[in-house]
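For reference, the chains in residue letters:
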2 protein chains.
Amino acid sequence: MSYSIAEAARRSGLSIDTLRYYERIHLLDPPERDAAGRRAYSEADLTWLQFLTKLRTTGMPIRRMREYASLRKRGVASAARRRTILIEQRGSVAERIAELQSCLDVLDYKITNYEQLEQGYSSAVREVTA
Amino acid sequence: MSYSIAEAARRSGLSIDTLRYYERIHLLDPPERDAAGRRAYSEADLTWLQFLTKLRTTGMPIRRMREYASLRKRGVASAARRRTILIEQRGSVAERIAELQSCLDVLDYKITNYEQLEQGYSSAVREVTA
DNA sequence: GTACGACCTGGAGCGCGCTCCAGGTCAACA
DNA sequence: TGTTGACCTGGAGCGCGCTCCAGGTCGTAC
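Just so you know, these numbers come straight off a predicted model, no measurement behind them.

Colleague: Would you mind going over the relation of the copies chain B and chain A in detail, with residue names and values included?
Modeller: In summary, the two copies of the chain are related to each other by a rotation about an axis coupled with a shift along it. At an RMSD of 0.0 Å, chain B and chain A line up after a rotation of 180° and a shift of 0.0 Å along the axis. Taken together, these values place the two copies in the relation of a two-fold axis. The position closest to the rotation axis in chain B is occupied by the C-alpha of Ile97(B), lying 3.0 Å away. Here 100% of the interface residues in chain B have copies in chain A that are interface residues too; the copies meet face to matching face.

Colleague: Give me the lowdown on the sheet that holds strand 1 (residues 2-3) of chain B, citing residues and values where you can.
Modeller: Residue and element names in this part refer to chain B. With respect to topology, three strands assemble into an open sheet ordered 1-3-2, the strand pairing being antiparallel. Here the strands that pair on one side only, and so sit at the sheet edges, are strand 1 and strand 2 (32-33). Of the strand pairs in this sheet, strand 2 and strand 3 (residues 39-42) are connected by two bridges, and their pairing is antiparallel. Residue pairing in the sheet places Arg33 in a bridge with Arg39 of strand 3.

Colleague: Go over the protein's contact with DNA strand D, please, and point to the residues and values.
Modeller: Every one of the 21 residues lining DNA strand D counts as a neighbour, but Arg20(A), Arg33(A), Arg38(A), Arg39(A) and Tyr22(B) are closest to it. The protein-proximal atoms of DNA strand D, defined as those within 4 Å of the protein, are 73% sugar or phosphate. Contact between DNA strand D and Arg20(A): a phosphate oxygen at 2.7 Å from a side-chain N or O atom of the residue. Elements that contribute at least two residues to the surface near DNA strand D include exactly helix 1 (5-12) and helix 2 (16-24) of chain A together with helix 2 (16-24) and helix 4 (62-73) of chain B. The element that contributes the greatest number of residues to the surface near DNA strand D is helix 2 of chain B, accounting for five residues. Looking at side-chain class alone, the surface near DNA strand D contains seven nonpolar, four polar and ten charged residues.

Colleague: A description of the pairing of strand 3 of chain B should follow, citing residues and the corresponding values.
Modeller: Residues and elements named next belong to chain B. With two bridges joining them, strand 1 and strand 3 adopt antiparallel strand pairing. When the sheet's bridge partners are listed, Ser2 is paired in strand 3 with Ser42. The antiparallel hairpin formed by strand 2 and strand 3 contains five residues in its connecting segment, where Gly37 sits at a positive phi of about 85°.

Colleague: Please give an account of the interface of chain B and chain A that cites residues and values.
Modeller: Many analyses report the size of an interface as the accessible area lost when the parts associate. Chain B puts 38 residues into the contact, and the matching count from chain A is 38 residues. When the two sides are added together, the surface that chain B and chain A hide from each other amounts to roughly 3,700 Å², 72% of it contributed by carbon and sulfur. Taken as a group, Arg83(B), Leu107(B) and Tyr114(B) account for 16% of the area that chain B buries against chain A, more than any other trio of residues on that side. On the surface where chain B and chain A come into contact, there are two salt bridges.

Scoring rules and cut-offs
Residues numbered from 1 in each chain as written. Chains lettered and ligands numbered in written order. Predicted model: local features only at pLDDT ≥ 70, side-chain atom pairs only at ≥ 80, totals over all residues. Heavy atoms only, no water. Least-squares fit on C-alpha atoms with pLDDT ≥ 70 in both. Contact = heavy atoms within 4.5 Å. Pairing = 2+ DSSP bridges. Helix = DSSP H or I, 4+ residues; strand = E, 2+ residues; numbered from the N terminus. Near = heavy atom within 4 Å. Polar contact = N/O pair within 3.5 Å; in protein donor to acceptor, adjacent residues only side chain to side chain. Nonpolar A, V, L, I, M, F, W, Y, C, P; charged D, E, K, R; others polar. Buried area = accessible area lost by both parts, 1.4 Å probe. Salt bridge = Lys/Arg side-chain N within 4 Å of Asp/Glu carboxyl O.

Here it is, written out as structure tokens:
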């Protein structure tokens, strides 16, 4: 089973342009081509794309994804290095979550203030007009 | 008490250039100037900068921060609208946290696999070489 | 009085991650 | 046979959020 670029885009959630772009920058190996020279993405290509989008969502820069991609081509020998990259990324995601949590607290505090203002608590005015 | 731009940068964690940039794009009202025409940031300026950096950390685009900033200048009348913006942002932060959590799960799964590989579980090879 | 360092301005430049475009090929269908 | 539509290529362009630069002004220290 293989997929046209449109189908691969639909399934991966990336745009057609982005798929070609990822190939150009060696994030994705060139997929097979059909008789007419059109890209035919394999199941494995899609799995890899899915993982790439996860990495992207974590905020991993493309340059780092490329490093990971190139290590992957070197097979099992590169497993330790790849693991290190993932562990680092896990750390940075955890940090980011903590950071967002703290922002969430600030937002909650502010929102509460606005609500108190709405309810006529004059003590909230100081905060809201600050 | 007022602060030089260098001091304000140090305290806010933003660069000097960024402070001037924020002023230029009306995220920050022009601070007072000292006798020599140099910026003199007030305590209130710093408080606002601190809040701005929180918003930025949540991923709020600058255009939206500008909207918030301009509402703030309109005083209490704009409080409801500002509250709405913050509530929306809280929602998007919560979503983002959830998304990151799910990425964390994927990373953990992958990392576990790499560790099993290291320990000689051949069943992990399939995953790692995929 | 001159050297220094912090600050000023307007404007150009940059890195990132796409996104769009022109001009072309090809297979399928009316 | 002609038109459509999906796909191709190489390369330019874009929006974001800064970041850097040249050339200038001030106040202080020697």
